[in-house]
Protein chains: 2
Amino acid sequence: MKMVEVAQSILGERLHNTPATSSVKAFAPTNIALCKYWGKRDQELNLPVTSSLSISLGDKGATTIIRMSSDAHDHVSLNDQEIDLASSFGKRLIVFLNLFRKTRDKFDIIIHANIPIAAGLASSASGFASLVKALNELYQWNLSTQELSILARLGSGSACRSLWDGFVEWHAGVRADGMDSFGEKLQATWPEFCVGLLLVSEKEKEVSSREAMQRTIETNAAYQRWPEKVTKDLAAIKLAINEKNFELLGKTTESNALMMHAMMLTTQPPIQYSTPETLALMQKIWRLRSEGLPVYFTQDAGPNLKLLFLAENKVVLAQNFPGMEIVQPG
Amino acid sequence: MKMVEVAQSILGERLHNTPATSSVKAFAPTNIALCKYWGKRDQELNLPVTSSLSISLGDKGATTIIRMSSDAHDHVSLNDQEIDLASSFGKRLIVFLNLFRKTRDKFDIIIHANIPIAAGLASSASGFASLVKALNELYQWNLSTQELSILARLGSGSACRSLWDGFVEWHAGVRADGMDSFGEKLQATWPEFCVGLLLVSEKEKEVSSREAMQRTIETNAAYQRWPEKVTKDLAAIKLAINEKNFELLGKTTESNALMMHAMMLTTQPPIQYSTPETLALMQKIWRLRSEGLPVYFTQDAGPNLKLLFLAENKVVLAQNFPGMEIVQPG
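A quick note: this is a predicted structure, and the numbers were derived from the prediction, not measured.

Visitor: Honestly, the overall build of chain A in this entry has me stumped. Any pointers?
Guide: From N to C terminus, chain A includes nine helices and 13 strands. Relative to its length of 330 residues, chain A is compact, with a C-alpha radius of gyration of 20 Å against a globular reference of 20 Å. Once the C-alpha set of chain A is aligned to its principal axes, its extents read approximately 60 × 40 × 40 Å. Buried residues in chain A amount to 45% of all 330 residues.

Rendered as structure tokens:
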């Protein structure tokens, strides 16, 4: 198993560490991709076909508590709901934990996310990132954030971007072992930059993003154009962040998301994460923009939209989208 | 003007004909493209980048009456509404009529369409096709249907498919003058084949299909893949019609339409013809299909959907979509 080799290569002797304490707690923010991660070059290691770029959402994310347990089995809860360890998420979590612990170490893991789960709000990203930070403390690994990013990626690809605040680029890397595929925080900050979370539904999605991206690669010839699109969009987004060119950022981000969803619409069978309400919101955003309000959106593998705008337009956007949660992460 | 040359080349001496009667009347069906026409290689002559294929909708279409007028100006009405001849449709119509008449010939033109106008139900196709048939009678041209198809195309590209019942292929042709770009009726018939018209809105679309296809070509690199997609889809649809393979027909038709709309979603700025109601209907269709009902859809430059199914499922589809108009054109 390649994952074991990665853990071995990063942790070495530290894989024999015993827990330094009986309880640890760590937080990681969720992140919203402005240039999306869509498609893996390695399924086991979650190595992406392309680089991607995100903004972390400050105090929106997941807190993970690990307590050493004397029970014979692990227990995991997510927002006070016991996770079935035979479920696909449960299995993935156990495989991940087994990379790092002795068989005798059993855990009570308590995860609290202050964002909806599995509705395209990247909760698995903040979940795995906070879990890795907690493990780092539990086993006293003293890893660099870059090393933690590589380990978090093994749990969930986009988790490798949730180790930092602000704008983070995930370098695709070229190595088969993925040792060059990790997040990196951009130097630039943008205090006026706002993200509005428009919740259409908290319902769990029917097709996981893991499955959706795989189906895109396997059945959609249009995927061939995606890497080229990402190369252009990444360059434009980084330029836009450096120059605080909001129109360029918004336009590129929205177009990047629309291309991802357009590809899903033309996979076989088609995948449509938008609900009618999503579409009505898009049309409202386009209308407001045509009336002169600089607001753009992005959409992940779910029906919810994330609005992008500047602080100067906060009030008018709050009026237009009552109930929208506004985060000013920069 | 290239249009004048085409008219000259088809009609020759007959361009000097005087009206043979004071009033003529002709009907042409609307047609629904199963493989779409999207993109022109010549804007003036409405020459398409690719071939396309449609089904005509029997008695759904437009009836055009031309009456010789003693007035100094033309009058045109569409469903009893006077058309402003300075509007873009009005101008296009006058340019078209001027190809064929002496300056002294003035017309009262009365068009009645029993389908919604400009809502992606190809009313301009049946409008121009019926107009050309009426002109053929008025001026006693005695043209072949293929020649009428070429002339109808000058008014509206897809009109060249509305000269026949049943399945019609529009050959893209390669000539600069478009003399090889016309409709041709397929030999195969399919009496069980049904089209359901699901009207979401009769509102006129905000972006004309003419403008939308041009914006796609100009701003969307993904358009490069369209001709290749059409080549495959056309072959599959013709095979499906010949073999009465409904699943192949439905799957290919739906995927063809989704690709067209996916391309529009990723033009700059994006064009979204779907309304929230359109999306809800798509999701209902996908759900019914996943439950075993063979039903597919296609969508043109508007929010309405056209459902494809076989006569054996008429009753259950009528139950699921109350108010849907069902046409059995084959």
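Here the narrative resumes, following the displayed structure.
Visitor: Any chance you could explain the interface of chain A and chain B here in plain terms?
Guide: When the parts of a complex come together, some accessible area is lost, and that lost area is often taken as the interface size. Of the residues lining the interface, 20 residues belong to chain A; the matching set on chain B comes to 20 residues. Among the secondary structure elements, those contributing two or more residues to the side of chain A that touches chain B are helix 7 (246–265) and helix 8 (276–290) of chain A. With six residues, the single largest contributor to the side of chain A that touches chain B is helix 8 of chain A. Each residue belonging to the side of chain A that touches chain B can be placed in one class, and the counts come to eleven nonpolar, seven polar and two charged.

Visitor: Explanation requested: the relation of the copies chain A and chain B in the structure shown.
Guide: In this arrangement, two copies of a chain are superimposed by a rotation about an axis accompanied by a shift along the axis. Superposing chain A onto chain B takes a rotation of 180° plus a shift of 0.1 Å along the axis, which leaves an RMSD of 0.0 Å. Classification of the inter-copy transformation places it as that of a two-fold axis. Residue Pro 276 of chain A, judged by its C-alpha, is the member of chain A lying nearest the rotation axis, at 1.9 Å. Same-surface contact between copies: 100% of interface residues of chain A are shared with the interface of chain B.

Visitor: Please explain the sheet that holds strand 10 (residues 193–198) of chain B as it appears in this structure.
Guide: One key point about sheets: their strands pair by backbone hydrogen bonds, in either a parallel or an antiparallel sense. Residues and elements named next belong to chain B. Taken in spatial order, the four strands of this open sheet run 11-12-10-13, and their pairing is antiparallel. Edge strands, defined here as strands with exactly one partner in the open sheet, are strand 11 (296–299) and strand 13 (325–327). Along the sheet, successive strands turn relative to each other by an average axial angle of 30°, direction set aside. By the bridge criterion, three bridges tie strand 10 to strand 13 in an arrangement that is antiparallel. Directly across from Gly 196, in strand 13, lies its bridge partner Ile 326. Most of the contacts of helix 7 (residues 246–265) go to strand 11, to which it runs at about 35°, and overall it touches strand 11 and strand 12 (305–310). Running over the sheet, helix 8 (residues 276–290) touches strand 10, strand 11 and strand 12 and is turned about 15° from strand 12.

Visitor: How should I be thinking about the sheet that holds strand 11 (residues 296–299) of chain A in this particular structure?
Guide: Residues and elements named next belong to chain A. In spatial order, the strands read 11-12-10-13; together these four strands make up an open sheet with antiparallel pairing. For this open sheet the edge positions go to strand 11 and strand 13 (325–327), each flanked by a neighbour on one side alone. Strand-to-strand twist of the sheet, defined as the mean angle between neighbouring strand axes without regard to direction, takes the value 30°. The strands touched by helix 7 within the sheet are strand 11 and strand 12 (305–310), with strand 11 carrying the most contacts at an inclination of about 35°.

Visitor: Explain the nonpolar core to me, please; I cannot follow it from the model alone.
Guide: One broad rule of soluble globular proteins: the nonpolar side chains tend to lie buried together. One finds Ala 152, Val 195 and Leu 307 of chain A together with Ala 152, Val 195 and Leu 307 of chain B to be the most contacted residues of the largest nonpolar core, which totals 178 residues. The biggest single contributor to this core is helix 7 of chain B, with ten residues. Apart from residues lying up to four places away in sequence, Leu 307 of chain A is in contact with Val 195, Gly 196, Leu 198, Ile 285, Val 295, Phe 297, Leu 317 and Met 324 of chain A.

Visitor: Which parts of the structure should I look at to understand the packing of helix 3 (residues 123–138) of chain A against helix 4 (residues 145–155) of chain A?
Guide: Residue and element names in this part refer to chain A. For the pair helix 3 and helix 4, the least separation of the axes is 9 Å and the interaxial angle reads 130°. Between helix 3 and helix 4, the interaxial angle falls into the category oblique. Handedness of the crossing formed by helix 3 with helix 4: right-handed. Where helix 3 abuts helix 4, its residues Phe 128, Ala 129, Leu 131, Val 132, Lys 133 and Asn 136 lie against Leu 148, Leu 151, Ala 152 and Gly 155. Among the residues making up the contact of helix 3 with helix 4, the classes are represented as seven nonpolar, two polar and one charged.

Visitor: Explanation requested: the environment of Val 174 of chain A in the structure shown.
Guide: All names here are of chain A. Considering the arrangement of structural elements, one finds Val 174 in the loop between strand 8 (167–170) and strand 9 (183–185). Residue Val 174 is classed as exposed on the basis of its 10 C-beta neighbours within 10 Å. For the pair Val 174 and Thr 50, spaced 124 residues apart in sequence, the C-alpha separation works out to 9.8 Å.

Visitor: Would you explain the domain arrangement of chain A in this entry?
Guide: All names here are of chain A. Taken as a whole, chain A is organised into domain 1 (2–185) and domain 2 (193–327). Of note, the centres of domain 1 and domain 2, computed from C-alpha atoms alone, are 25 Å apart. Split into classes, the residues belonging to the side of domain 1 that touches domain 2 amount to 16 nonpolar, five polar and three charged.

Visitor: Could you clarify how one ought to interpret the pairing of strand 11 of chain B in this entry?
Guide: Within a regular strand, the side chains alternate between the two sheet faces. All names here are of chain B. Burial of the side chains of strand 11 extends over both faces: Tyr 296 and Thr 298 are buried on one face and Phe 297 and Gln 299 on the other. Direction of pairing for strand 11 relative to strand 12: antiparallel, over a ladder of four bridges. Bridge pairing links Gln 299 to Leu 305 in strand 12.

Visitor: Looking at this structure, I do not really get the pairing of strand 8 (residues 167–170) of chain B. What am I missing?
Guide: All names here are of chain B. As judged from the four bridges shared by strand 4 (residues 52–69) and strand 8, these two strands associate in the antiparallel manner. Bridging from a neighbouring strand, Ser 52 pairs with Trp 170 of strand 8. Where strand 8 and strand 9 (residues 183–185) come together, three bridges link them in antiparallel fashion. By the bridge assignment, Val 168 is partnered in strand 9 with Lys 185.

Visitor: Looking at this structure, how should I read the packing of helix 1 (residues 2–11) of chain A against helix 4 of chain A?
Guide: To characterise two packed helices, one gives the angle between the axes of the helices and the distance between these axes. Residues and elements named next belong to chain A. Where helix 1 meets helix 4, the axes come as close as 11 Å, and the angle between the chain directions of the two elements is 165°. By the angle class used here, helix 1 and helix 4 are roughly antiparallel. The way helix 1 lies across helix 4 gives a crossing that is left-handed. In this structure, helix 1 uses Met 3, Val 6 and Ile 10 to contact helix 4, whose residues at the interface are Glu 147, Ile 150, Leu 151 and Leu 154.

Visitor: Explain the environment of Lys 185 of chain B here, please?
Guide: Residue and element names in this part refer to chain B. Structurally, the position occupied by Lys 185 is in strand 9. Among the residues examined, Lys 185 registers 16 C-beta atoms within 10 Å and is labelled partly exposed. The sequence separation of Lys 185 and Val 327 amounts to 142 residues, and the corresponding C-alpha distance is 19 Å. Ignoring anything within four residues of it in the chain, the contact list for Lys 185 reads Trp 164, Gly 166 and Val 168.

Visitor: Got a minute to help me understand unusual backbone geometry in this structure?
Guide: Peptide bonds are, in most cases, trans, and in most cases residues other than glycine have a negative phi. Residues and elements named next belong to chain A. Look at the link from Gln 268 to Pro 269: it is a cis peptide, with omega at -10°. Along the chain, the position of Pro 269 falls in the loop between helix 7 and helix 8. In the Ramachandran plot, Lys 244 falls in the positive-phi region, its phi being about 50° despite a non-glycine side chain. Tracing the sequence through the fold places Lys 244 in the loop between helix 6 (226–243) and helix 7.

Visitor: Would you take a moment to explain the confidence of the model for chain A for this structure?
Guide: The predicted structure's coordinates, where accompanied by low pLDDT, should not be read in detail. Put simply, chain A has an average pLDDT of 93, and 98% of its residues get 70 or more. For this predicted complex, the interface confidence reaches an ipTM of 0.71, while the overall pTM sits at 0.83.

Visitor: Just checking my understanding: could you explain the environment of Thr 63 of chain A for this structure?
Guide: Residues and elements named next belong to chain A. Mapped onto the elements, Thr 63 comes out in strand 4 (residues 52–69). A count of 18 C-beta atoms within 10 Å places Thr 63 in the partly exposed class. Setting aside chain neighbours within four positions, we find Thr 63 in contact with Lys 25, Phe 27, His 112 and Ser 130.

Rules and cut-offs
Residues numbered from 1 in each chain as written. Chains lettered and ligands numbered in written order. Predicted model: local features only at pLDDT ≥ 70, side-chain atom pairs only at ≥ 80, totals over all residues. Helix = DSSP H or I, 4+ residues; strand = E, 2+ residues; numbered from the N terminus. Rg over C-alpha atoms; globule rule 2.2 N^0.38 Å. Buried ≥ 20, exposed ≤ 12 C-beta atoms within 10 Å, placed from the backbone. Contact = placed C-beta atoms within 7 Å. Nonpolar A, V, L, I, M, F, W, Y, C, P; charged D, E, K, R; others polar. Least-squares fit on C-alpha atoms with pLDDT ≥ 70 in both. Pairing = 2+ DSSP bridges. Axes fitted to C-alpha atoms, helices over the stretch in contact; angles between N-to-C directions. Core = buried A, V, L, I, M, F, W, Y, C linked by C-beta atoms within 7 Å. Parallel < 35°, antiparallel > 145°, perpendicular 65-115°, else oblique. Left-handed = near helix turned anticlockwise from the far one by under 90°. Domains from an automatic or database assignment. pLDDT = per-residue confidence, 0-100.

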